[in-house]
Amino acid sequence: MTEALRILVVDDDVDNALSLGELLEMEGHSVRVVHTGEEAIQAAISENFNISFMDVVLPGMNGVESFIAIRRLRPEARVYMMTGYSVEQLLTEALNGGALGVLEKPFDPDAILRLTHDVGPSGLVLAPPSPSLAFSNVGLFIRDTLKQSGLRCRHVINSASLPRQLAADEVLVLDVPAPMLEGVEILKQAQAAGHRAQTVLVPHSRSAHSQAPAPLADVAVTGVLNKPFDPLDLINKLSQLAA
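In short, a report on the structure. (Residues numbered from 1 in each chain as written. Predicted model: local features only at pLDDT ≥ 70, side-chain atom pairs only at ≥ 80, totals over all residues. Heavy atoms only, no water.)

Topic: the packing of aromatic side chains
Given two aromatic rings, one states the distance between the centres and the angle between the planes to describe the pair. This is how it is decided: What counts as a ring pair is set by centres within 6.5 Å for rings of Phe, Tyr and Trp (its six-membered ring), and what kind of pair is set by the plane angle: stacked under 30 degrees, edge-to-face over 60, tilted for all other angles. Secondary structure elements are defined from DSSP: runs of H or I of at least 4 residues count as helices, runs of E of at least 2 residues count as strands, and each element is numbered from the N terminus. Buried residues are those whose accessible area, probed at 1.4 Å on protein chains only, stays under 20% of the maximum for their type, while exposed residues exceed 50% and partly exposed ones sit between those limits.
For the coordinates displayed, the defined rule picks out one aromatic pair. An angle of 25° between the planes, with centres 6.2 Å apart, marks the rings of F53 and Y80 as stacked. Of this pair, F53 sits in strand β3 (residues 51-55) while Y80 sits in strand β4 (residues 79-83), placing them 27 residues apart in sequence. Note on accessibility: F53 and Y80 belong to one class, buried.

Here it is in structure tokens:
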């Protein structure tokens, strides 16, 4: 059995939440179950959890908003989203319905420019890691492509590299590590700082998880656990996800 963990489960489906909580407790973990985003935030204030599993669709404050609030309270928190959405749908919801486009690999400069234009102001372009470029070079390649076209562009790798104020027409290239939801959090901070132009999000992959079952490989890379999933597979990966 893995080391005992303090786990938060957030799901408005009471039966699902309690069933997952009971299964985790049977494995020796300490589990707190709540059913709203507001309750999740209060739980995070009162207790430091090793890992949290949060449904996206919640009454009141939704899961994405709750995730961002918890990460601001506890930057070290390991929070994973449980959802039937695709990653693209989740990102669109996080952007309040803003247009989203997904670049195809290998990246073509004309396609980058066209898609960045097509998503419009406040839209998001998702650029999955490319096998033809080192992860550290993808964001720089996209930044240089946009700059060469005459667009104002800023390359951001973490919250610390995000300035307090941004020009409204400055395209952001968020070249952030996994999970992808960290990029969503930084994007929200950028919007608060005045960012209104397009954003290109470049998540990094983790090859070490390439052999994991599909839903768990996804949670390792993006922070999104797709439903339905096998709870036993999740239990087997708990120590890895909580690390």
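So that's the structure; there's more coming.
Things to note about the packing of helix α2 (residues 37-46) against helix α3 (residues 63-73)
To keep it simple, the criterion reads: Axis lines are fitted through C-alpha atoms, for helices just across the contact stretch, and the angle between N-to-C directions can take any value from 0 to 180 degrees. For classification purposes, an angle smaller than 35 degrees is called roughly parallel, one larger than 145 roughly antiparallel, one from 65 to 115 roughly perpendicular, and anything else oblique. By convention the crossing between two helices is left-handed if the near helix lies anticlockwise of the far one by an angle smaller than a right angle, and right-handed if it lies clockwise. In what follows, residue pairs with any heavy atoms lying within 4.5 Å of each other are defined as contacts. Polar here means any residue other than Ala, Val, Leu, Ile, Met, Phe, Trp, Tyr, Cys and Pro, which are nonpolar, and Asp, Glu, Lys and Arg, which are charged; Gly is therefore polar.
Running from amino to carboxyl end, α2 crosses α3 at an angle of 10°, the nearest separation of the two axes being 9 Å. Considering their axes alone, α2 and α3 lie roughly parallel with respect to each other. Considering only the axes of α2 and α3, their crossing is right-handed. Contacts between α2 and α3 pair G37, A40, I41, A44 and I45 from the former with S66, A69, I70 and L73 from the latter. Split by residue class, the contact of α2 with α3 holds seven nonpolar, two polar and no charged.

A short note on the pattern of salt bridges
Side chains that differ in charge, positive against negative, can pair when their charged atoms come close. To keep it simple, the criterion reads: Throughout this description, the term salt bridge denotes a Lys or Arg side-chain nitrogen within 4 Å of a carboxyl oxygen of Asp or Glu.
Counted by the stated rule, this structure contains six salt bridges. Across the salt bridge formed by D144 and R143, the nearest N and O atoms sit 3.0 Å from each other. A residue is classified by how much of its surface remains accessible, and D144, at 31% relative accessible area, is partly exposed. One salt bridge connects R152 with D169, and the closest N-O pair in it is separated by 3.4 Å. Here R152, found in the loop between α6 (135-148) and β7 (153-156), pairs with D169, found in the loop between β7 and β8 (171-174); they are 17 residues apart in sequence, far enough to count as distant. Judged by its relative accessible area of 46%, R152 is partly exposed. Overall, D169 belongs to the partly exposed group, its relative accessible area being 45%.

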